[in-house]
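Each chain, written out:
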Amino acid sequence: MQLKIADLTKEEAMEYELILCKVKAKEKNRAEILRIAEIFGAKIIDTTGGTYTMQIVGDERQINSFLDLIRPMGVKELVRSGQVAISRENQFLNVKTQG
C-alpha cells in the first residue's frame with residue numbers, strides 16, 4: 001500500500017471534519033437536541049439512559065455552528081477529527097509517495 005501526501009493549501013479541495021459528541025438528553029431538551037441534529041444533518045448513533053451520542057460531518061464553520069448550539073444542552077464528551085481534505089478532480093500537485 002502506498003501513502004500519498006499532497007499539499008492542498010493552494011488547491012481547490014473539499015475539506016471536512018468529523019465529530020462524535022455525547023450530549024445530556026434531559027427530557028426537557030430532547031426535542032431541541034433532535035431539531036439541532038436534523039438541521040445540521042447529525043446522526044444519533046447511540047442512546048443510553050440520559051445521553052445521545054451524535055455524529056456530524058461538515059466543514060469547520062458547520063461544525064463550530066453546531067457546537068455553539070449544542071453546548072448549552074450539556075456536552076459530556078467530544079471527539080474531533082480535525083480537517084481532512086481531498087482535491088477536486090485530478091489535482092495532485094506536490095505529491096510525495098511513502099510506503
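The rules behind the values
- Every chain is numbered on its own, with residues counted from 1 as its sequence reads.
- For a predicted model such as this one, the threshold for reporting local features is a pLDDT of at least 70, and the threshold for listing and counting side-chain atom pairs is 80 or more; totals across whole chains, interfaces and linings nevertheless cover every residue.
- Only heavy atoms go into the side-chain values, all of them from the structure, while hydrogens and water stay out.
- Numbered from the N terminus, helices here are DSSP runs of H or I no shorter than four residues, and strands are runs of E no shorter than two.
- Per-residue accessibility, obtained with a 1.4 Å probe over protein chains only, is compared with the maximum for each type, and a residue is labelled buried under 20%, exposed over 50%, and partly exposed between these values.
- Any pair of nitrogen or oxygen atoms within 3.5 Å is treated as a polar contact; in protein, a donor-acceptor pairing is required on top of that, and neighbouring residues in sequence qualify only through side-chain atoms on both sides.
- Any two residues having at least one pair of non-hydrogen atoms within 4.5 Å are treated as being in contact.
- Patch definition: residues above 30% relative accessible area lacking any salt bridge, with like charges linked at up to 9 Å and the nonpolar side chains Val, Leu, Ile, Met, Phe, Trp and Tyr linked at up to 5 Å.
- Under the convention used here, a 1.4 Å probe and the Shrake-Rupley method define accessible areas, while residue burial counts only the protein chains that appear.
- The salt bridge criterion pairs a side-chain nitrogen of Lys or Arg with a carboxyl oxygen of Asp or Glu, the two atoms within 4 Å.
- The sign given to each residue is positive for Lys and Arg and negative for Asp and Glu; His and the chain ends receive no count.
- Working definition for charges: the position is that of NZ of Lys, CZ of Arg, CG of Asp or CD of Glu.
- Pairing between strands is defined by DSSP: at least two bridges between the two strands are required.
- Here, nonpolar core means buried Ala, Val, Leu, Ile, Met, Phe, Trp, Tyr and Cys residues that are tied together by side-chain atoms lying within 4.5 Å of each other.

Visitor: Please provide a residue-by-residue account of the side chain of T51, values included.
Guide: Checked against the element boundaries, T51 lands in strand β4 (residues 51–58). Assessed through its relative accessible area of 8%, T51 is described here as buried. In terms of polar contacts, T51 uses its side chain to reach the side chain of K76, at 2.7 Å. Those residues in contact with T51, other than ones at most four positions away along the chain, are K22, V23, A25, D46 and K76.

Visitor: Lay out a positive patch on the surface with the relevant residues and their values.
Guide: On the surface, K24, K26, K28 and K76 cluster together into a positively charged patch. Structurally, K76 can be placed in strand β5 (residues 75–80).

Visitor: Describe the pairing of β4, listing the residues and the values that go with them.
Guide: The element β4 is extensively covered by neighbouring structure, given that 6 of its 8 residues are classed as buried. Note: strand β2 (residues 13–24) against β4, 8 bridges, orientation antiparallel. If you follow K24 over to β4, its bridge partner there is T51. Bridge analysis of strand β3 (residues 43–48) against β4 gives 5 bridges, and the strand direction is antiparallel. If you follow T48 over to β4, its bridge partner there is T51. Connecting the antiparallel pair β3 and β4 is a turn made up of 2 residues, with G49 showing a positive phi of about 50°.

Visitor: An account of the environment of E32 is requested, with residue identities and associated values reported.
Guide: Mapped onto the elements, E32 comes out in helix α1 (residues 30–40). Assessed through its relative accessible area of 29%, E32 is described here as partly exposed. Distance in space between the C-alpha atoms of E32 and M73 is 8.7 Å, their sequence separation being 41 residues. Here the side chain of E32 touches R35 through a polar contact of 2.6 Å, side chain to side chain.

Visitor: Any chance you could break down the nonpolar core for me, citing the residues and the numbers?
Guide: V23, I33, M54, F66 and I70 are the most contacted members of the largest nonpolar core, which totals 16 residues. Looking at this core element by element, the count peaks at 5 residues for helix α2 (residues 60–74). Discounting chain neighbours no more than four positions away, the residues touching F66 are I19, I36, F40, A42, M54 and I56.

Keep in mind that these numbers describe shape and distance, not what the molecule does.
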